[in-house]
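Chain residues, written in single-letter form:
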Amino acid sequence: MAERLTAEARKQALGAVPGWTEVQGRDAIGKTFVFKDFNEAFGFMTRAALVAEKMDHHPEWRNVYKTVEVVLSTHDAGGVTALDIEFAKAMNAIARLTA
Ligand code: HBI
């Protein structure tokens, strides 16, 4: 089971995932992606969903038209783990290919 990152390690790891920040009041990281339109946004979600299934690690997300708000945390560990950082990296890569 993935271990919760210390505050220091979490801050360090955030350096590797542009646009992701700590979520206020929660041990979680978040990012809001804005795409050209709904089609691009949903395409991003579709591809991210396939990664989530492969990782067995799932996002908390909200989509309104061309915007996708994502929050990542490892429920089993009660906070941010390396899995969340890995998933954030994957989402950034998908978004670069999508937008
Ligand atoms: N996704 N974000 C997140 N956190 C979890 O703890 C988690 C998950 N997806 C699946 C899952 N846990 C379980 O299937 C097992 O890994 C426990």
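For the structure itself, consult the block above.
Residues numbered from 1 in each chain as written. Predicted model: local features only at pLDDT ≥ 70, side-chain atom pairs only at ≥ 80, totals over all residues. Heavy atoms only, no water.

Novice: Could you clarify how one ought to interpret unusual backbone geometry in this entry?
Specialist: Even without being a glycine, D56 presents a positive backbone phi close to 55°. Position of D56 among the secondary structure elements: in the loop between α2 (38-55) and β3 (60-64). Residues other than glycine seldom take positive phi values, yet Y65 does so here, at roughly 50°. (Helix = DSSP H or I, 4+ residues; strand = E, 2+ residues; numbered from the N terminus.)

Novice: Help me understand the site of the ligand in this model?
Specialist: All residues in the neighbourhood of the ligand are listed as D56, H57, H58, S73, T74, H75 and D76. Here H75 contributes a backbone N or O atom positioned 3.1 Å from a nitrogen atom of the ligand. Protein contacts shield 68% of the accessible area of the ligand, which totals 380 Å² for the unbound molecule. Its residues placed into classes, the shell around the ligand shows no nonpolar, five polar and two charged. (Near = heavy atom within 4 Å. Polar contact = N/O pair within 3.5 Å; in protein donor to acceptor, adjacent residues only side chain to side chain. Areas by Shrake-Rupley, 256 points an atom, 1.4 Å probe, with all protein chains shown as cover. Nonpolar A, V, L, I, M, F, W, Y, C, P; charged D, E, K, R; others polar.)

Novice: Teacher, can you tell me more about the sheet that holds strand β4 (residues 67-72) here?
Specialist: Sheet strands pair by backbone hydrogen bonding; their relative direction is either parallel or antiparallel. Strand order in the open sheet formed by four strands is β1-β2-β4-β3, and the pairing between neighbours is antiparallel. Two strands close off the open sheet at either side, each with one partner strand: β1 (21-22) and β3. Sheet contacts for α2: β2 (29-34), β3 and β4; angle to β3, the most-contacted strand, approximately 160°. (Pairing = 2+ DSSP bridges. Contact = heavy atoms within 4.5 Å. Axes fitted to C-alpha atoms, helices over the stretch in contact; angles between N-to-C directions.)

Novice: Please explain the pattern of salt bridges as it appears in this structure.
Specialist: Taken as a whole and assessed by the stated rule, the structure comprises eight salt bridges. As a salt-bridge pair, R10 and E22 come within 3.1 Å of each other at their nearest N and O atoms. In this pair, R10 is assigned in helix α1 (residues 7-14) and E22 in strand β1, connecting sequence segments 12 residues apart. Its salt-bridge partner being E69, residue R62 comes within 3.5 Å of it at the nearest N-O pair. Residue E69 is classed as partly exposed on the basis of its relative accessible area of 34%. A single salt-bridge network, built from bridges that share partners, covers R4, R10, K11, E22 and D27. (Salt bridge = Lys/Arg side-chain N within 4 Å of Asp/Glu carboxyl O. Buried < 20%, exposed > 50% of the residue type's maximum accessible area, 1.4 Å probe, protein only.)

Novice: I keep staring at the nonpolar core and nothing clicks. Help me out?
Specialist: Grouped burial of nonpolar side chains is what soluble globular proteins tend to show. With 24 residues, the main nonpolar core has W20, I29, F33, F44 and M91 as its most contacted residues. Breaking this core down by element, the ones donating at least two residues are α1, β2, α2, β4 and α3 (82-98). Ignoring anything within four residues of it in the chain, the contact list for W20 reads L14, I29, G30, K31, F33, V70, L72, A88, M91 and N92. (Core = buried A, V, L, I, M, F, W, Y, C linked by side-chain atoms within 4.5 Å.)

Novice: Where do I start with the side chain of D84 in this structure?
Specialist: Among the structural elements, D84 can be located in helix α3. Buried and unpaired, D84 has R26 as its nearest opposite-charge partner, separated by 8.3 Å. Polar side-chain contacts of D84 include one of 3.1 Å to the backbone nitrogen of S73. Ignoring sequence-local partners within four residues, the contact set of D84 consists of I29, H57, L72, S73, T74 and G79. (Lys, Arg positive; Asp, Glu negative; His and termini not counted.)

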